[in-house]
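Remarks on the overall topology
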Amino acid sequence: MKIARIVNVVAVLSLVGSAVYVYRIKYEATRHSEEVAKLKRQITQEVDSVAVLKAEWAFLARLDRVQALTEQHLDLKPLTREQTLHLASLPGRPAPVDEIGKKLEALGLMGQDASLVIDKEPSTPTAVKKPAPPAKKATIAVKPVSQLKAPATRPAPQPMQVAPAPRPAQPANLTDFLRKIGVVR
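These figures come from a predicted structure and were not determined experimentally.

**Some words on the overall build of the protein chain**
Scanning the protein chain for helices and strands turns up four helices and two strands. Secondary structure elements of the protein chain occur, N-terminal to C-terminal, as α-α-α-β-β-α. Expressed as a percentage of its 185 residues, the buried residues of the protein chain come to 4%. When contacts within the protein chain are restricted to residue pairs at least 6 apart in sequence, those whose partners lie at least 24 apart make up 48%. A total accessible area of about 18,700 Å² is found for the protein chain, and carbon and sulfur atoms account for 63% of it.

**Remarks on the pattern of salt bridges**
Counting across every chain of the model gives one salt bridge. Residue aspartate 64 pairs with arginine 62 through a salt bridge whose shortest N-O separation is 3.2 Å. Its relative accessible area of 51% is what places aspartate 64 among the exposed residues.

Cut-offs used in this document
- Residues numbered from 1 in each chain as written.
- Predicted model: local features only at pLDDT ≥ 70, side-chain atom pairs only at ≥ 80, totals over all residues.
- Heavy atoms only, no water.
- Helix = DSSP H or I, 4+ residues; strand = E, 2+ residues; numbered from the N terminus.
- Buried < 20%, exposed > 50% of the residue type's maximum accessible area, 1.4 Å probe, protein only.
- Contact = heavy atoms within 4.5 Å.
- Areas by Shrake-Rupley, 256 points an atom, 1.4 Å probe, with all protein chains shown as cover.
- Salt bridge = Lys/Arg side-chain N within 4 Å of Asp/Glu carboxyl O.

Here it is in C-alpha cells:
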C-alpha cells in the first residue's frame, strides 16, 4: 500500500512538472511568433519608406525641374563650337623624369667609374650612322663583387594553413531565424 502511494505521488508530481514544462514551451512559442510578426511589420514599413523615398527622388530629379532650377540659379550659357577641341590639338605627354637619378646626382653618387651603363640616343636623326661613343657610366654605392656572398640555403616553404570559415553568430535571414527557433522546418 505504501508503494502505491509513493507511485501515485511521483505520478502526480511528474504530471504537474510536465504541465509546467508544456506551458513554458507554449509561452515561448507565442513570444517568438509575436516577435516574428513584429519583425514582418517593421520590414513592411521599411520597404514602404524606401518606395516613398524613391518616388520623392524621382520627383525631385525630373529633367524639367532641374533645367528650371539651373536657369534660375546658375548663369550657364549654351556650348559653342569654339569650345570643343579635337584630340590631335591636345599637347602630348611630358617626357618621364628620372627622380632617382636626379637625387643620386644631387648627392654626388653618380661618377665616372659606374656599374650602370646609360645609353643616350641622339636627339636629331642622321642619314649616316656614326659609331656610338663609349657609354657613360654612373656610380652607385654598392659592395665590391669580392665581398658579395651567395645566399645560404633557403628554408623549405611552410604549407599554407587555411582557417575554417567563421560560423555566423546570428541567423542570416528570417527563414534561418524561424528554423533556429523551431517554427519552420
